[in-house]
Structure formats: C-alpha cells, structure tokens
Amino acid sequence: MAEIKLGVIGAGGRMGCSVIRQISKTDGCRLLGACDLPGSKVLGRDAGEFAGVGELDVEIQDRPEVFINHIDAVIEFSSPEATVKNSGLSAEAGCAHVIGTTGLTRDQELSMGQAAHSIPIIYAPNMSLAVNILFALTRQVSSILGDEFDIEVLEMHHRNKVDAPSGTALGLGRAAAEGRNVSLDENAVFTRSGLTGPRRQGDIGFATLRGGSVTGDHAVIFAADGERLELFHRAENRQIFARGAVRAAIWSDGKGPGLYSMADVLGLNPS
C-alpha cells in the first residue's frame, strides 16, 4: 500500500508537534507539509527538528496553500476561525481534513460541514481512541438507565484552557442526551449558584474545573437513590490525541465525501 501523504496545520503548537511526532513513528504515512500562523517564530524551521524527531526535510510554512494540493490528508489543531477557512481550502484541493480543533460554535460547525459535500472530514471533540469509546458507553448506559438516574458531566483541564465546558464534556453530554432521545440544548445545566431549588428530573449537569497542568479529566456520573455509576477517563499526555488523529487520517484514504466522526473511524456506529 502506498504511503499516505499528510500535512499538519498548527505545526508550531503543542498538539501540532505531537501530531508530527506521531506521524514520524507510524507506518504507512509520511509528513509532506506543515504550517503555522503568519509571523510565528517557527516559520522556516524543519518541522521534524522543531518537534524533536530529527530533520524531516519539511519546512514550516505560513500558509497551507503551499502544500495542500500535494497531500492526501491534512490534520488540524488550530483556532475555530482558521479551521472553517482551511476546510474550504481542503475542499478546493480535494484533500481529506482531520479536525481536532475545539471551541467551534454551531454556526462554525455548519460552515465547516459544507466542505464535507466535497471531501471526507473527520471531526471530533476529542481524538483519543479511549474517549470515543467513552462516548459510546455513555450513550449506551444512558439508554439503559431510566431517568431516575441523574446525569452529571465533570471535567478538569489546565489553567490556560480558554473554552468551557470542554468540547469533550459537551460531546459526553450530547451522547447522554442521545441515549435518552432528548435534546441537550433543552436539558443542559451549565451553572448553579445561589438558591437554585431542587434538581429538575432529566437535567444533564456540567461542572467545569480549571487548574495546574491537567491535560484532561472527564467523568460521567449516573446517580440514583442508593447507587451511583461513574465512567471516567484521564488523559496523561497530548500524544493520545495525536495517535487518534493520525489513525483518522489513514482511515480517510479512499473514503467518499462526508462528515465523519471518530466513531466511524473505530467502527462504533451501527451499520
């Protein structure tokens, strides 16, 4: 099988470096392009050297247009605004797009989804293989347990994370809502303060913690009178997200246009 030619958008960031490291040690793929923001201090450097895996003869550019026509798939961890724009570039180039960017609004997701009419887009709030199994478990448990079980989603991240709740927490909330065939928008509770009154049956609550250097902790708690079931995932480093993103990029080879998730990559969606 021919090697999959990959590019990385956001190569100067922590996730970009993790993705480059993952590509360098994964059979069946090769890095052919990398870019970062205009004005970035890493522009012109060798992407492999900057990521700590030795020279790969791939210079970090300031625009994905430089390489996007010469690769099979691009992996992006950047800003929501840049992601929407770059998905359009991928559609024009016929290049699959793997998106790990978080914090996209619903309108931005819809705009990004337009590109999926032309190319395969794999988009997930969390690229970790185990977290995506957690999504599936949350959906299944929620469908089995009745509404006498209250559902709470707890997440903690490092002090510098700028969006809350995390995209993963929202994904877990959506999975819980889907399991019960209800709308998360109508049942989510994001803040509690003061005299809130009793908890409403059917609420899906969220608690957000920030501090230290925590990579990412997520828990889904199903609590009833006399018993509690907790599903938990702890991320110990960013390489787990890079591993999933590269697997998704390889999976995209030969796929038709469409908006896919990591559940598709892992075969977790019903056939």
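Rules used throughout
By convention here, each chain's residues receive numbers from 1 onward along its written sequence. Local features in this predicted model are restricted to residues whose pLDDT is 70 or higher, and side-chain atom pairs enter the listing and the counts only when it is 80 or higher, whereas totals over whole chains, interfaces and linings include all residues. Heavy atoms throughout the structure, all of them, feed into the side-chain values; hydrogens and water do not. Note on terminology: a nonpolar core comprises buried Ala, Val, Leu, Ile, Met, Phe, Trp, Tyr and Cys residues joined through side-chain atoms within 4.5 Å. Between buried and exposed lies partly exposed: a residue is buried under 20% and exposed over 50% of the maximum accessible area for its type, with that area taken using a 1.4 Å probe on protein chains only. Secondary structure elements are taken from DSSP: a helix is a run of H or I of four residues or more, a strand is a run of E of two residues or more, and numbering for both begins at the N terminus. Two strands make a pair as long as DSSP finds a minimum of two bridges between them. Handedness of a crossover: with both strands directed away from the viewer, a clockwise path from the first strand across the helix to the second marks it as right-handed. Between N-to-C directions, angles cover 0 to 180 degrees, with each direction set by a line fitted to C-alpha atoms, over the stretch in contact for helices. Here the angle decides the label: under 35 degrees means roughly parallel, over 145 means roughly antiparallel, 65 to 115 means roughly perpendicular, and every other value means oblique. Two helices that cross are described as forming a left-handed crossing if the nearer one is turned anticlockwise from the farther one by less than a right angle, and a right-handed crossing if clockwise. Contacts: residue pairs with any heavy atoms within 4.5 Å of one another. Here the nonpolar group is Ala, Val, Leu, Ile, Met, Phe, Trp, Tyr, Cys and Pro; Asp, Glu, Lys and Arg are the charged ones; every other residue, Gly included, is treated as polar. When a carboxyl oxygen of Asp or Glu lies within 4 Å of a side-chain nitrogen of Lys or Arg, that pair is called a salt bridge. Note on aromatic pairs: the rings of Phe, Tyr and Trp (six-membered ring only in Trp) are paired at centre separations within 6.5 Å, and the planes decide the class, stacked below 30 degrees, edge-to-face beyond 60, tilted for the rest. Throughout this description, the term charge over a ring refers to an Arg CZ or Lys NZ atom that lies within 6 Å of the ring centre and within 35 degrees of the ring normal. Throughout, disulfides are identified as pairs of cysteine sulfur atoms within 2.5 Å of each other.

A. Spatial organisation of the nonpolar core. Val19 and Ile75 are the most contacted members of the largest nonpolar core, which totals 38 residues. Within the residue set of this core, elements represented by two or more residues are β1 (4-9), α1 (14-24), β2 (29-35), α2 (47-51), β4 (73-76), β5 (96-99), α8 (239-251) and α9 (262-265). The element that contributes the greatest number of residues to this core is α8, accounting for eight residues. One finds Leu134, Ile151, Ala176 and Leu184 within the second-largest nonpolar core, a separate group that totals 19 residues.

B. Examining unusual backbone geometry more closely. Geometrically, the link from Ala164 to Pro165 is a cis peptide bond, its omega value of -10° lying close to zero. The backbone phi angle of Asp57 is positive, close to 60°, even though this residue is not glycine. Structurally, Asp57 can be placed in the loop between α2 and β3 (60-61). Phi angles above zero are rare outside glycine, and Asn181 is one such case at about 55°. Structurally, Asn181 can be placed in the loop between α6 (167-179) and α7 (184-187).

C. Quick peek at the pairing of β2. Taking burial as the measure, the seven residues of β2 include five buried ones, the bulk of the element. With six bridges connecting them, β1 and β2 associate as parallel partners. Bridging across to β2, Ile9 finds its partner in Cys35. With α1 bridging β1 and its parallel neighbour β2, the resulting β-α-β unit is right-handed. Pairing of β2 with β3, which is carried by two bridges, proceeds in the parallel orientation. Of the residues in β3, the one forming a bridge with Cys35 is Gln61.

D. View of the packing of α1 against α8. The geometry of α1 relative to α8 is characterised by a closest axis approach of 8 Å and an angle of 60° between their N-to-C directions. The orientation of α1 with respect to α8, classified from their angle, is oblique. Handedness of the α1/α8 crossing: right-handed. Where α1 abuts α8, its residues Met15, Ser18, Val19, Arg21, Gln22 and Ile23 lie against Gln239, Phe241, Ala242, Arg243 and Val246. Of the residues belonging to the contact of α1 with α8, the class tally is six nonpolar, three polar and two charged.

E. Up close: the sheet that holds strand β10 (residues 216-224). Overall, mixed pairing links the five strands, which are arranged β8-β9-β7-β10-β11 in an open sheet. Sheet topology places β8 (188-189) and β11 (227-235) at the edges, where each strand pairs with a single neighbour. In the sheet, β8 pairs with strand β9 (residues 204-210) via two bridges, with the strands oriented parallel. Following the sheet pairing, Ala188 is matched in β9 by Ile204. Running over the sheet, helix α5 (residues 129-144) touches β7 (150-157), β10 and β11 and is turned about 165° from β11. Packed onto the sheet, α6 meets β7, β9 and β10 and runs at close to 165° relative to β9.

F. Inspection of the pattern of salt bridges at higher detail. Scanning all chains against the criterion turns up 14 salt bridges. Here Arg192 ties to Glu152 by a salt bridge, and the two come within 2.8 Å at their closest N and O atoms. Remark: Glu152 occurs in strand β7 and Arg192 occurs in the loop between β8 and β9; sequence separation between them is 40 residues.

G. Quick peek at the sheet that holds β2. Read from one edge to the other, the open sheet built from seven strands follows the order β3-β2-β1-β4-β5-β6-β12, with strand pairing classed as parallel. The open sheet has two edge strands, β3 and β12 (258-260), and neither has a second partner. As paired strands, β5 and strand β6 (residues 120-123) are joined by three bridges and run parallel to one another. Counted as the bridge partner of Ile99 is Tyr123 from β6. Along the sheet, helix α4 (residues 106-115) contacts β5, β6 and β12; its crossing angle with β6, the most-contacted strand, is approximately 150°. The strands touched by α8 are β1, β2, β4, β5, β6 and β12; relative to β4, the strand with the most contacts, the crossing angle is about 155°.

H. Summary view of the packing of aromatic side chains. Under the definition given, this model contains two aromatic pairs. The ring of Trp251 carries Lys255 above its face, with NZ or CZ at 4.5 Å from the centroid.

I. Geometry of the state of the cysteines. Following the criterion strictly, the structure yields zero disulfides and no others. There is no disulfide at Cys17, and the cysteine sulfur nearest it, in Cys35, is 13 Å away. Cys29 takes part in no disulfide bond, and the closest cysteine sulfur, belonging to Cys95, lies 14 Å away.

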